[in-house]
Amino acid sequence: MKLESNLPKQSPWLYTAPLLNTILLLLVCYLFSSGFVVPSGVKVEHPQSNSRLSGFDRAHIITVPAGADNTLYFDGMRTTTAELRDKLKANREGERRAIIHADKQAPFGRVIEIGNIALDLGYEVAHSTVPPKS
C-alpha cells in the first residue's frame, strides 16, 4: 500500500534560504575566529630572535612587564607569584603549555623564576620573541 501526500508540492527554492544562511554564518564565524591571537592586554616589548614558536596556539599566557615591582599577569589577569602557582596547579587538566611574554627590560632572574614555576608543575614553556628587522 502506497501512501500519497495531499499537500501541494513545494518549490526547491524554499530549502535553499536556510542552507545559504547556515553557510554564510559558518563562513563569518570562521573568518572572524581564524585571525584572533590572544593578547595579554599588557604592553610588552619583546626581544628579537630567529626562532619560531609552533604548537602553542592554546597555551596559557604569562606576562612579565618591565619594572622593579613584581607585577605579573596570567591570561590577562593581574596575579602574584603564589597565585600563579595555584592557578597553574588548578589548570592541570587543560592545556599544559605556557608562553612567557617578557619585556626585554624585565629582570632576567624574574623571567627565569616564572619559567621554573611552570616547568616544576609539568608545563612546556616557551618565551615569546619577535623576528629581527631586515
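Please read these numbers as outputs of a predicted model, since none were measured by experiment.

Caption draft 1: Layout of the sheet that holds strand β5 (residues 124–127). Strand order in this open sheet of five strands is β3-β2-β1-β4-β5, and the pairing throughout is mixed. Two strands close off the open sheet at either side, each with one partner strand: β3 (77–79) and β5. Recorded for the sheet is a direction-independent mean angle of 30° between the axes of neighbouring strands. Summarising the sheet, strand β4 (residues 97–102) and β5 pair through four bridges and their orientation is parallel. Among the inter-strand pairings, I99 is bridged to a residue of β5, identified as A126. Each of β1 (60–64), β2 (72–74) and β3 touches helix α2 (residues 81–90); the most contacted strand, β3, lies at about 120° to it.

Caption draft 2: Molecular detail of the pattern of salt bridges. Tallied over the full model, the rule gives two salt bridges. Close ionic contact of R97 with E124 constitutes a salt bridge, the shortest N to O distance being 3.4 Å. Taken together, the residues R97 in strand β4 and E124 in strand β5 connect sequence positions 27 residues apart. Owing to a relative accessible area of 24%, R97 belongs among the partly exposed residues under this scheme. Residue R110 pairs with E113 through a salt bridge whose shortest N-O separation is 3.6 Å. In this pair, R110 and E113 are both assigned in helix α3 (residues 108–120), three residues apart and thus about one turn of the helix distant.

Conventions used here
Residues numbered from 1 in each chain as written. Predicted model: local features only at pLDDT ≥ 70, side-chain atom pairs only at ≥ 80, totals over all residues. Heavy atoms only, no water. Pairing = 2+ DSSP bridges. Helix = DSSP H or I, 4+ residues; strand = E, 2+ residues; numbered from the N terminus. Axes fitted to C-alpha atoms, helices over the stretch in contact; angles between N-to-C directions. Contact = heavy atoms within 4.5 Å. Salt bridge = Lys/Arg side-chain N within 4 Å of Asp/Glu carboxyl O. Buried < 20%, exposed > 50% of the residue type's maximum accessible area, 1.4 Å probe, protein only.

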